[in-house]
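Notes for the structure review
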Amino acid sequence: DNHRLMVWTGQSLFRWHSNNLIAPNEKLTDEQKKRVGYFVLHQNSWWLVNEKLPDMLEINGTTKTSIPIGGKVELTDGKQILLERGDGGRLVVVQMVEA
């Protein structure tokens, strides 16, 4: 849906980032307000750590690799990550930009 998210180390990922049917507002349930992942720069590599997304997948052509809760995926240019399956689930396409 053509959204961009600029990340920094320690930045949180929430349900409204993983599902386009959820919008950040005062009507969210307590569960929807909880962080589901975070970004971290570690040893010159960027990572997305999965805290609560049971269906997160790294997609590489026809290969799909599960990123389990507690797991992490390195962010590299062009990488595709499905954050959530089903209605509203978002597919992330990583674009690395040097500052």
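Look up a bit, the structure's there.
My aim in this report is to walk through the structure given alongside it, one point at a time. All figures in this text were calculated on a predicted structure; none of them were measured in a lab.

Under the counting rule described, the total for this entry stands at four salt bridges. We note a salt bridge from Glu84 to Arg15, for which the minimum N-O separation is 3.1 Å. Taken together, the residues Glu84 in the loop between strand E7 (80–82) and strand E8 (91–93) and Arg15 in helix H1 (residues 15–18) connect sequence positions 69 residues apart. Where Lys34 meets Glu31, a salt bridge forms, and the shortest distance between an N and an O atom there is 3.4 Å. A relative accessible area of 48% means that Glu31 is categorised as partly exposed.

Another aspect to go through is the layout of surface pockets. Gaps between atoms show up when a probe of the same size as a water molecule is rolled over them. Of the voids in this model, the largest pocket is the one considered here, and its volume is about 1100 Å³. In this structure, the largest pocket is lined by 32 residues; those nearest its centre are His3, Arg4, Leu5, Met6 and Val93. A total of three residues in the lining of the largest pocket trace back to one element, the largest contributor, which is E8. Along the lines of polarity and charge, the residues of the lining of the largest pocket split into 21 nonpolar, seven polar and four charged.

Ordered by their spatial adjacency, four strands build an open sheet running E1-E2-E3-E6, and the pairing between neighbours is antiparallel. In this open sheet, the two edge strands, each paired with only one partner strand, are strand E1 (12–14) and strand E6 (72–75). Direction aside, neighbouring strands of the sheet carry axes that sit 25° apart on average. Alignment of strand E3 (residues 45–50) against E6, held across four bridges, turns out to be antiparallel. Opposite Leu48, over in E6, you have Val73 as the bridge partner.

Analysis parameters
- Residues numbered from 1 in each chain as written.
- Predicted model: local features only at pLDDT ≥ 70, side-chain atom pairs only at ≥ 80, totals over all residues.
- Heavy atoms only, no water.
- Salt bridge = Lys/Arg side-chain N within 4 Å of Asp/Glu carboxyl O.
- Helix = DSSP H or I, 4+ residues; strand = E, 2+ residues; numbered from the N terminus.
- Buried < 20%, exposed > 50% of the residue type's maximum accessible area, 1.4 Å probe, protein only.
- 1 Å grid on protein atoms, 1.4 Å probe; cavity = no way out; pocket = protein on both sides within 12 Å on 5 of 7 lines; lining within 4 Å.
- Points joined across faces, edges and corners; volume = space filled by probe spheres on them.
- Nonpolar A, V, L, I, M, F, W, Y, C, P; charged D, E, K, R; others polar.
- Pairing = 2+ DSSP bridges.
- Axes fitted to C-alpha atoms, helices over the stretch in contact; angles between N-to-C directions.

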